[in-house]
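# Coordinate analysis (summary)
Spelled out from the first residue to the last, the chains are:
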Amino acid sequence: LEAAVSLARNKYGGLHGIVHSAFTFQDELLAKVDMGLVGEILAAKAGSAVVLSEMTRELSLDFLLFLNSAQSFFNEGRRAVYAAACCLVDAYAAQIRRQVSFPVQVINWGFWSHSFSPTLQATLREAGLGVTRPEDGMQAIETVIGTGIPQVAYLHANEQALLRMGIDPGETITYFGNDQESSDEAHAILATQLFA
């Protein structure tokens, strides 16, 4: 990571933003997961997030964006360690947000289309979940960075799937940053209709 940061600063004259996207996925019941794999899953997602944040906290970045997972909201044994790593990234981002001078943002993604076979996508649809296409995901990243909203979940899910995650589909939350006037109508529209 130190070499990558140094290369970016030397080759491009500076480092303006960082996107953290790392994971080792778990698809095995917790009781059967090897402890070596547990360490690998936690290190890939949470460990790398902590190291990257600590290495860059003194830089003057435009943003630090964690591409995390909506797995933070699910309660399923086949992904318990991965979910724990995702929850740590959510909590860590909230903590360091108060300690650095640049925006720290999180997107909790649902499933991406290129990550799953058509057969598994059909199983996801039966569970009320859809997949994100890369072009939609890139637009979501641009929107989140542009609005400065600290954390959003971006996933395709029907009402029953949202309720299983403890999300009230009828509820709308509008976030206004400390430096943002609450009368800023454009910000309110972006925050409440971000992915309508």
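One can find the structure itself at the top, above this paragraph.
Presented here is an overview of the structure given in this document. (Residues numbered from 1 in each chain as written. Predicted model: local features only at pLDDT ≥ 70, side-chain atom pairs only at ≥ 80, totals over all residues. Heavy atoms only, no water.)

## Thoughts on the overall build of the chain
Worth spelling out the cut-off: Strands here are runs of E lasting at least two residues and helices are runs of H or I lasting at least four, both read from the DSSP assignment and numbered beginning at the N terminus. Only protein chains enter the accessibility calculation, which uses a 1.4 Å probe; a residue whose area is less than 20% of its type maximum is buried, one above 50% is exposed, and one in between is partly exposed. A contact between two residues is defined here by any heavy atoms of the two lying within 4.5 Å.
Helix and strand content of the chain: seven helices and six strands. Listed by position from the N terminus, the elements making up the chain come as α-β-α-β-α-β-β-α-β-α-β-α-α. For the chain, buried positions account for 39% of its 196 residues. Long-range contacts, defined as pairs at least 24 residues apart, comprise 69% of the intrachain contacts of the chain with a sequence gap of at least 6.

## Regarding the pairing of strand 2 (residues 63–69)
Remember that side chains alternate between the two faces of the sheet whenever the strand is regular. Selection criterion: Only strands joined by at least two bridges in the DSSP assignment are considered to pair.
Counted residue by residue, strand 2 has seven buried out of seven residues, so it is predominantly covered. Burial along strand 2 is two-sided: the face carrying F63, L65, L67 and S69 and the face carrying L64, F66 and N68 are both buried. In this sheet, strand 2 lies alongside strand 1 (residues 17–20) in parallel orientation, the contact comprising four bridges. Considered in strand 2, the bridge of I18 is made with L64. Sheet topology places strand 2 next to strand 3 (residues 104–109); six bridges connect them, and they run parallel. Among the inter-strand pairings, S69 is bridged to a residue of strand 3, identified as W109.

## Thoughts on the pattern of salt bridges
Definition in use: Should a side-chain nitrogen of Lys or Arg be within 4 Å of a carboxyl oxygen of Asp or Glu, the pair is scored as a salt bridge.
Counted according to the given criterion, the structure contains three salt bridges. With a shortest N-O distance of 2.9 Å, E54 and R57 are connected by a salt bridge. Residue classification places E54 among the partly exposed residues on the basis of a relative accessible area of 40%. Put simply, R133 and E135 hold a salt bridge, and the shortest N to O gap is 3.2 Å. Looking at E135, the relative accessible area reads 48%, which means it is partly exposed. Within this structure, R133, E135 and D136 form a network of salt bridges that share partners.

## Some details on the sheet that holds strand 3
The strands making up a sheet are joined through hydrogen bonds of the backbone, oriented either antiparallel or parallel. Let me state the cut-off plainly: Here the axes come from fitting lines to C-alpha atoms, over the contacting stretch only for helices, and the angles between their N-to-C directions go from 0 to 180 degrees.
Spatial ordering of the open sheet is given by 1-2-3-6, a layout of four strands whose pairing is parallel. Strands with a single pairing partner mark the edges of an open sheet, and in this sheet they are strand 1 and strand 6 (151–154). On average, each strand axis in the sheet is tilted by 15 degrees relative to the strand beside it, whichever way the strands run. Packed on one face of the sheet, helix 2 (residues 35–56) meets strand 1 and strand 2 and runs near 165 degrees to strand 1.

## A closer look at the packing of aromatic side chains
Rule in force here: Any two of the Phe, Tyr and Trp rings considered here, Trp counted by its six-membered ring, make a pair once their centres fall within 6.5 Å; the pair's planes then place it as stacked at under 30 degrees, edge-to-face at over 60, or tilted in between.
Taken as a whole, this structure holds three aromatic pairs when the rule is applied. An angle of 75 degrees between the planes, with centres 4.9 Å apart, marks the rings of W109 and W112 as edge-to-face. Look at W112 and you get buried, because its relative accessible area is 16%. Taken together, the aromatic side chains of W109, W112 and Y154 make up a single cluster linked through ring pairs.

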